[in-house]
Amino acid sequence: MSAGMRDMVTINVTADLPVRATAQPFADRVELRFGKAFPVALVVDGTCLDRLCEAIKDGKQQLVNAGRQV
């Protein structure tokens, strides 16, 4: 890995970015696709969905606490 490369993928989710959720019951997971032409997929195990929702709620509350309107 070169010095300029990161080991994290970052996407900026905006109001106009398409987000689609698809349940995959056979694998007990949900796939979230962000974008159209070159989508990025986030695959979340069913047992972790509540944890992901809580992390998003926590981040939202931090923005509110910082005086941001969300």
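Residues numbered from 1 in each chain as written. Predicted model: local features only at pLDDT ≥ 70, side-chain atom pairs only at ≥ 80, totals over all residues. Heavy atoms only, no water.

A.B. asks: For this particular structure, what's the right way to read unusual backbone geometry?
C.D. replies: Note: most peptide bonds trans; most residues except glycine with negative phi. Residues other than glycine seldom take positive phi values, yet Asp 28 does so here, at roughly 55°. Residue placement: Asp 28 occurs in the loop between β1 (19–24) and β2 (29–34). (Helix = DSSP H or I, 4+ residues; strand = E, 2+ residues; numbered from the N terminus.)

A.B. asks: Hey, could you run me through the pairing of strand β3 (residues 40–45) in this one?
C.D. replies: Consecutive side chains of a regular strand alternate in pointing toward one face of the sheet and then the other. For β2 and β3, the ladder comprises six bridges, and the chain directions are antiparallel. Across the sheet, residue Val 30 finds its bridge partner in β3, namely Val 44. The hairpin turn running from β2 into β3, its antiparallel successor, is five residues long, and Gly 35 in that turn takes a positive phi close to 95°. (Pairing = 2+ DSSP bridges.)

A.B. asks: Explain the sheet that holds β3 to me, please; I cannot follow it from the model alone.
C.D. replies: Hydrogen bonding along the main chain pairs the strands of a sheet, whether they run parallel or antiparallel. Strand order in the open sheet formed by three strands is β1-β2-β3, with antiparallel pairing between adjacent strands. A strand with exactly one partner marks an edge of an open sheet, and here the two such strands are β1 and β3. Strand-to-strand twist across the sheet, computed as the mean angle between neighbouring axes with direction ignored, equals 20°. Here helix α1 (residues 49–65) sits on the sheet in contact with β2 and β3, set at roughly 120° to β3. (Axes fitted to C-alpha atoms, helices over the stretch in contact; angles between N-to-C directions. Contact = heavy atoms within 4.5 Å.)

A.B. asks: Please explain the pattern of salt bridges as it appears in this structure.
C.D. replies: Think of it this way: side chains of opposite charge can pair up when their charged atoms draw near. With the rule as written, the count across this model stands at two salt bridges. For Arg 33, the salt bridge goes to Glu 31, with nearest N and O atoms at 2.8 Å. Glu 31 gets classed as buried once you look at its relative accessible area, which sits at 13%. (Salt bridge = Lys/Arg side-chain N within 4 Å of Asp/Glu carboxyl O. Buried < 20%, exposed > 50% of the residue type's maximum accessible area, 1.4 Å probe, protein only.)

A.B. asks: Whenever I open this one, the state of the cysteines confuses me. Can you help?
C.D. replies: For the coordinates displayed, the defined rule picks out zero disulfides. No disulfide involves Cys 53; its sulfur sits 9.4 Å from the nearest other cysteine sulfur, which is in Cys 48. On the basis of relative accessibility, which here comes to 41%, the residue Cys 53 falls in the partly exposed class. (Disulfide = S-S within 2.5 Å.)

A.B. asks: What is the right way to read a nonpolar patch on the surface from this model?
C.D. replies: Side chains of Val 9, Ile 11, Val 13, Val 19 and Val 40 sit close together on the surface and give an oily, nonpolar patch of about 400 Å² of accessible area. Within the secondary structure, Val 13 sits in the segment before β1. Taking relative accessible area as the criterion, Val 13 reaches 47% and is therefore assigned partly exposed. (Patch = residues over 30% accessible without salt bridge, like charges linked within 9 Å, V, L, I, M, F, W, Y side chains within 5 Å. Areas by Shrake-Rupley, 256 points an atom, 1.4 Å probe, with all protein chains shown as cover.)

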